[in-house]
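What the coordinates show
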Amino acid sequence: MTDRSKKPSSKRASRTSAKPSKANPLWGGRFAAGPAAVMERINASIGFDRRLYAQDIRASKAHAAMLAAEGIIAKPDAKAIAAGLDRIEAEIVAGKFEFKVALEDIHMNVEARLFELIGEPARRLHTARSRNDQVATDLKLWVRDAIDGIDAQIKALQAALIHRAEEHAALLMPGFTHMQAAQPITFGHHLLAYVEMLGRDRSRFADARKRMNEIPLGAAALAGTSFPIDRKATAKALGFDRPAANSLDAVSDRDFVVEFLAAASLCAVHLSRLGEEIVLWASPGMGFITLSDAYTTGSSIMPQKRNPDAAELARAKVGRIVGALTSLLIVLKGLPLAYAKDLQEDKEPLFDAADSLSLALAAMEGMIRDLRPNAERMRAAAEAGYSTATDLADWLVRRLSLPFRRAHEVTGKIVRLAEAKGCALADLPLDALRAIEPGIDRAVYDSLGIDSSVASRRSEGGTAPERVRAAANKARERFL
């Protein structure tokens, strides 16, 4: 990662044969001199992969314990390694650890510091492993932790949606198709739709977590190792189901990152859709909801403004997350086995996507708990646009036994008449209705109100308030 805080001069940057530095102490046996300055900058990943420190230390402790158990290194050495790694983790957490770009990555930074702390035993830690299987293991551990954290956040958002759905199970609003008022529904029913979307998101993350739970450690550089290691022991110690079956695949596989990013992308799309609706609902044209100061901002020039910035930014985060997915897919395309340094480019988009999704989830949960529905505006919008026309057509089928297509035609004529008169369907006189369909009687008016329309939608998964309450209870059992 480029260290932008220390930009080289243009003169220095233009010289690809800059004066070499001292050879890297961890791989310098093959090299008499160090890399050119630009090589050091392009090769180093410590600027971003330092985020793997906890996973790297955890995996190294498990590896050292296994080596000692198998008699590959002495038990006192393994004990010294574990103690040294604990001290390094404490230094990092306390902000006292010095990360060095010259040491390239988190693995070499930790190993070099370990040598400073405990001396010769540190040199034994890397027995029977490579940075190739080490980084794959660390990254799987990190993605696994990220999935667990994201799942908890999605669950919290589902809890907020379910709570508000129960609270507003009977609050009427228009349901839209093509952004045109279609049929009246309840606000609670609308919110529960997102609970279902988020439930599928959680299942995708869970599937990805289960599929990725094979440990790469022990694959070494690409061909396995000649040391008599126990891969099942390290798998168990680190919570993996089994060792990865093929050493080539183990070090080159980044499917688990792609799957995480794919699941994150779709989850972000769902958040973006909800964010868009919040923006629309909060607009003066609709006025369905009000957001508090906590999730809005003002304008530098227009003092009356209350902008739904949190919803807009949650909506926008999907661009970064889908971009991360696309970026990694392009990196992997045509990449031959086994490991190549191209795979270093998996981490920055992964970390950014995980951070972006986590932030969007937190903002969305806050907005859902914060928003105040404006019942009068919602009801007025639900009553507009002849939203009970389908109820009229259904009544004609049930009461007069008309074929639905005939009932649809009759209803269309009645709607056209109401439009011409500038009135609601329920305000048309009975004689006018009978002129279009003689079989219509006064009972038809019972089907033309939005309350009766919503109450009649009792089919499973429907919007009737009793169904919404039952669905919320069931969602709580399924998801929380």
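Residues numbered from 1 in each chain as written. Predicted model: local features only at pLDDT ≥ 70, side-chain atom pairs only at ≥ 80, totals over all residues. Heavy atoms only, no water.

Looking at the overall build of the protein chain
What counts, and what does not: Think of it this way: any DSSP run of H or I at least four residues long counts as a helix, any run of E at least two long counts as a strand, and we number them from the N terminus. We compute the radius of gyration from the C-alpha atoms alone; for a globule the expected value is 2.2 Å times N to the 0.38, where N is the number of residues. Exposure is judged per residue with a 1.4 Å probe applied to protein chains only, and the accessible area is read against the type maximum: over 50% gives exposed, under 20% gives buried, and values in between give partly exposed. Calculation of accessible area relied on Shrake-Rupley with a 1.4 Å probe; when residues are assessed, cover is drawn exclusively from the protein chains displayed.
In terms of helices and strands, the protein chain carries 19 helices and 6 strands. Over its C-alpha atoms the protein chain spans a radius of gyration of 31 Å, topping by over 25% the 23 Å that the globule rule assigns to 480 residues. If you line up the protein chain on its principal axes, its C-alpha atoms span 100 × 55 × 40 Å. A buried classification covers 46% of the 480 residues belonging to the protein chain. Just so you have it, the protein chain exposes about 23400 Å², and 53% of that area is on carbon and sulfur atoms.

A short note on the pairing of strand β1 (residues 172–177)
Convention followed: Here, any two strands with at least 2 DSSP bridges between them count as paired.
Looking at chain direction, β1 and strand β2 (residues 180–186) are connected through 6 bridges and run antiparallel. Residue pairing for β2: M173 is matched across the bridge by I185. Where β1 folds back onto β2 in an antiparallel hairpin, the turn is made up of 2 residues, including H178, whose phi is positive at roughly 60°.

Concerning the packing of aromatic side chains
Pairs of aromatic rings are described using the distance from one ring centre to the other and the angle between the two planes. Cut-off, in case you're wondering: Aromatic rings from Phe, Tyr and Trp, with only the six-membered ring used for Trp, were paired whenever their centres fell within 6.5 Å, and each pair was classed as stacked if the ring planes differed by under 30 degrees, edge-to-face if by over 60, and tilted otherwise. Counted as over-ring charges are cases with an Arg CZ or a Lys NZ within 6 Å of the ring centre that also lie within 35 degrees of the ring normal.
All chains considered together, the criterion is met by 4 aromatic pairs. Pairing F97 with F99 gives two aromatic rings, centres 4.8 Å apart and planes at 55°, and the pair type is tilted. Between F205 and F260, the aromatic rings sit 5.6 Å apart at their centres with planes inclined by 55°, giving tilted as the arrangement. Within this pair, whereas F205 is found in helix α8 (residues 187–212), its partner F260 is found in helix α11 (residues 255–282), the two being separated by 55 residues in sequence. The lysine or arginine in question, R51, covers the ring of F351, its NZ or CZ lying 4.8 Å from the ring centre.

Considering unusual backbone geometry
With omega at 5°, the peptide bond leading from L337 into A338 counts as cis. Mapped onto the elements of the fold, A338 is located in the loop between α12 (309–332) and α13 (347–370). We note that E104 has phi near 75°; this positive angle belongs to a residue other than glycine. Considering the arrangement of structural elements, one finds E104 in the loop between α5 (75–93) and α6 (106–118). Given a relative accessible area of 7%, E104 falls into the buried group. Residue S401 is not a glycine yet carries a positive backbone phi of 60°. Along the polypeptide, S401 turns up in the loop between α15 (389–400) and α16 (404–421).

Looking at helix α7 (residues 131–167)
Defined as follows: In this analysis, the expected span of each helix is defined as 1.5 Å times one less than the number of residues it contains. Between N or O atoms, a polar contact is any pair within 3.5 Å; within protein, one atom must be a potential hydrogen donor and the other a potential acceptor, and residues adjacent in sequence are included only when both atoms are from side chains.
Between its first and last C-alpha, α7 extends 54 Å over 37 residues, near the 54 Å set by a 1.5 Å rise per residue. In this structure S130 caps α7, since a side-chain oxygen of it lies 3.0 Å from the backbone nitrogen of N132.

Here we look at the confidence of the model for the protein chain
As a reminder, the rule being used: Known as pLDDT, the predictor's per-residue confidence is scaled from 0 to 100. The contact criterion used is simple: two residues touch if any of their non-hydrogen atoms lie within 4.5 Å.
With 93% of its residues at a pLDDT of at least 70, the protein chain reaches an overall mean of 92. Per-residue pLDDT stays below 50 along residues 1–21; that stretch engages in 20 contacts with residues further than four places along the chain or on separate chains.

Some words on the nonpolar core
Note on soluble globular proteins: their nonpolar side chains tend to be buried together. Keep this limit in mind: Nonpolar cores were defined as sets of buried Ala, Val, Leu, Ile, Met, Phe, Trp, Tyr and Cys residues, with membership established by side-chain atoms within 4.5 Å.
Core analysis: the largest hydrophobic core is formed by 90 residues, its most contacted members being F205, F260, I278 and L357. Broken down by element, the residue count for this core peaks at 14 residues, all from α11. Filtering out sequence-adjacent residues up to four positions away, F260 remains in contact with V143, A146, I147, F205, L350 and A354. Counting residues in each nonpolar core, the second largest holds 19 residues, with L396, V410, I414 and L425 among its members.

Section: the environment of E104
On a C-alpha basis, the gap between E104 and D49 in space is 9.6 Å, while along the polypeptide they are 55 residues apart. A polar atom in the side chain of E104 sits 2.8 Å from the side chain of R131.

Some details on the pattern of salt bridges
Stated formally: Salt bridge criterion: a side-chain nitrogen from Lys or Arg within 4 Å of a carboxyl oxygen from Asp or Glu.
Taken as a whole and assessed by the stated rule, the structure comprises 33 salt bridges. We note a salt bridge from E91 to R113, for which the minimum N-O separation is 2.7 Å. With a gap of 22 residues between them, E91 in helix α5 and R113 in helix α6 connect regions that are remote in the sequence. The residue R457 makes a salt bridge to D391 at a minimum N-O spacing of 2.8 Å. Of this pair, R457 sits in the loop between α18 (450–456) and α19 (465–479) while D391 is found in helix α15, placing the two residues 66 residues apart along the sequence. Given the relative accessible area of 22%, R457 is considered partly exposed. Linked through salt bridges whose partners overlap, the residues forming this network are R87, E91, K100, R113 and E116.

Quick word on a nonpolar patch on the surface
Selection criterion: Think of a patch as exposed residues, more than 30% relative accessible area, with no salt bridge, where like charges cluster within 9 Å and nonpolar side chains (Val, Leu, Ile, Met, Phe, Trp, Tyr) cluster within 5 Å.
Residues V38, M39 and I42 make up a contiguous nonpolar surface patch of roughly 290 Å² in combined accessible area. Within the fold, I42 resides in helix α2 (residues 37–43). Given a relative accessible area of 65%, I42 falls into the exposed group.

With respect to the packing of α8 against α19
Counted only if it meets this: Axis angles are defined between N-to-C directions and span 0 to 180 degrees, where every axis is a line fitted to C-alpha atoms and, for a helix, only to the segment in contact. The scheme is simple: roughly parallel for angles under 35 degrees, roughly antiparallel for over 145, roughly perpendicular for 65 to 115, oblique for anything else. Two helices that cross are described as forming a left-handed crossing if the nearer one is turned anticlockwise from the farther one by less than a right angle, and a right-handed crossing if clockwise. Residues are sorted three ways: Asp, Glu, Lys and Arg are charged, Ala, Val, Leu, Ile, Met, Phe, Trp, Tyr, Cys and Pro are nonpolar, and all the rest, Gly among them, are polar.
The geometry of α8 relative to α19 is characterised by a closest axis approach of 10 Å and an angle of 20° between their N-to-C directions. Between α8 and α19, the angle is such that the two are roughly parallel. In the crossing of α8 with α19, the sense of the turn from one axis to the other is left-handed. Residues G188, H189, L192, V195, E196, G199 and R202 of α8 touch α19, and the partners they reach there are V468, A471, A472, A475, R478 and F479. Split by residue class, the contact of α8 with α19 holds 7 nonpolar, 3 polar and 3 charged.

Some thoughts on the environment of R200
Its place among the elements puts R200 in helix α8. The class for R200 is partly exposed, based on a relative accessible area of 43%. Considered as a pair, R200 and A382 are 182 residues apart in the sequence and their alpha carbons are 29 Å apart.

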